[in-house]
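# Examining the three-dimensional arrangement
Single-letter residue listing:
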Amino acid sequence: MVQDSYDAPGQPSRAETGVAVQGFGDLAERVVGGAARLGAVRMVAVDGPAGAGKTTFAGRLAGAVRATGATVAELHVDDLLAGWAGMATFWPRLERDVLAKLRRGHPGAYQRYDWEAARFGEYLAVAVPDVLLLEGVTSARAAIRAELTLSVFVSAPPDLRLARGIARDGEALRPQWLRWQAEEHRHFAADRTVEHVDLLVDGAPTAPHDPRTEYLRQLRGGGRSG
């Protein structure tokens, strides 16, 4: 596991952090060739604060994994949260309805939250895949750490993350975003997530790369990459 340190939970010191361009194809091969630890499933968690770029990264990784011929189930924490207050409450439902079943080799299912209607809606089935890709805040938490084939933490500066969120959700939701950022900060500090993930990713990359096939891995401590 990588043991990088951060100036604040979820926020690397960009002045001290180097980067390396790496390919999604190589990362997909690493996942498919890794040990299955959630029963027969290889579970990948893409964690990090809201607005950092987790969904984009996870989608590109999922595509690269499928290109190897492996089956992939994508699950987004946003679909499990019960609104803005749901960060602390969704995990027991995920464990009961999806993870526990996949662990035993059985399909799971979960009820997706409708953010516009502010209620839970349809049930979605989760077949037993080769790779389960769980994307969203707290997805690499200590409770699941031992069963992860790969854990990723995507980060970006707080002001940029907030700006991305407001651009998507509207200025009226700024108070909710600020409360959410504070809650994320507390979680990452208590969970020590960034100290234990396998891969740190720059969600606000400036170095030249092809974002369709490449990402920027953050390196720290003289180029240590985990």
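Each remark here, short or long, concerns the structure printed above.
The paragraphs below set out a description of the structure included in this document. (Residues numbered from 1 in each chain as written. Predicted model: local features only at pLDDT ≥ 70, side-chain atom pairs only at ≥ 80, totals over all residues. Heavy atoms only, no water.)

### Some points on unusual backbone geometry
Look at Thr-138: it is not a glycine, yet its phi comes out positive at around 75°. Tracing the backbone through its elements, the reader meets Thr-138 in the loop between β6 (131-135) and β7 (148-155). Of note in this structure, Arg-192 is not a glycine but carries a positive phi near 55°. Within the secondary structure layout, Arg-192 lies in the loop between α5 (174-191) and α6 (193-196). (Helix = DSSP H or I, 4+ residues; strand = E, 2+ residues; numbered from the N terminus.)

### Quick word on the side chain of Asp-47
Note that Asp-47 resides in strand β2 (residues 42-47). No salt bridge is formed by the buried Asp-47; the nearest opposite charge belongs to Lys-54, separated by 6.4 Å. Here the side chain of Asp-47 touches Ser-139 through a polar contact of 3.3 Å, landing on its backbone nitrogen. (Buried < 20%, exposed > 50% of the residue type's maximum accessible area, 1.4 Å probe, protein only. Lys, Arg positive; Asp, Glu negative; His and termini not counted. Salt bridge = Lys/Arg side-chain N within 4 Å of Asp/Glu carboxyl O. Polar contact = N/O pair within 3.5 Å; in protein donor to acceptor, adjacent residues only side chain to side chain.)

### Focus: the environment of Val-31
Looking at where Val-31 falls in the secondary structure, it is placed in helix α1 (residues 24-32). We classify Val-31 as buried; its relative accessible area is 1%. Distance from Val-31 to Thr-149, taken between C-alpha atoms, is 6.7 Å for residues 118 residues apart in sequence. Among all residues touching Val-31, those that are not within four sequence positions of it are Arg-42, Val-44, Val-131, Thr-149 and Leu-150. (Contact = heavy atoms within 4.5 Å.)

### So, helix α3 (residues 91-103)
Compared with the 18 Å implied by 1.5 Å per residue over 13 residues, the 15 Å span of α3 between its first and last C-alpha is markedly short. At Asp-97, α3 shows its strongest bend, of approximately 30°. Turning to α3, its buried residues are Trp-91, Leu-94, Asp-97, Val-98, Leu-99, Ala-100 and Leu-102. Here the buried face of α3 lies against β2, β3 (72-76), β4 (108-114), β5 (119-126) and β6. (Expected span 1.5 Å × (residues − 1). Bend = angle between axes of the 7 residues up to and from the residue.)

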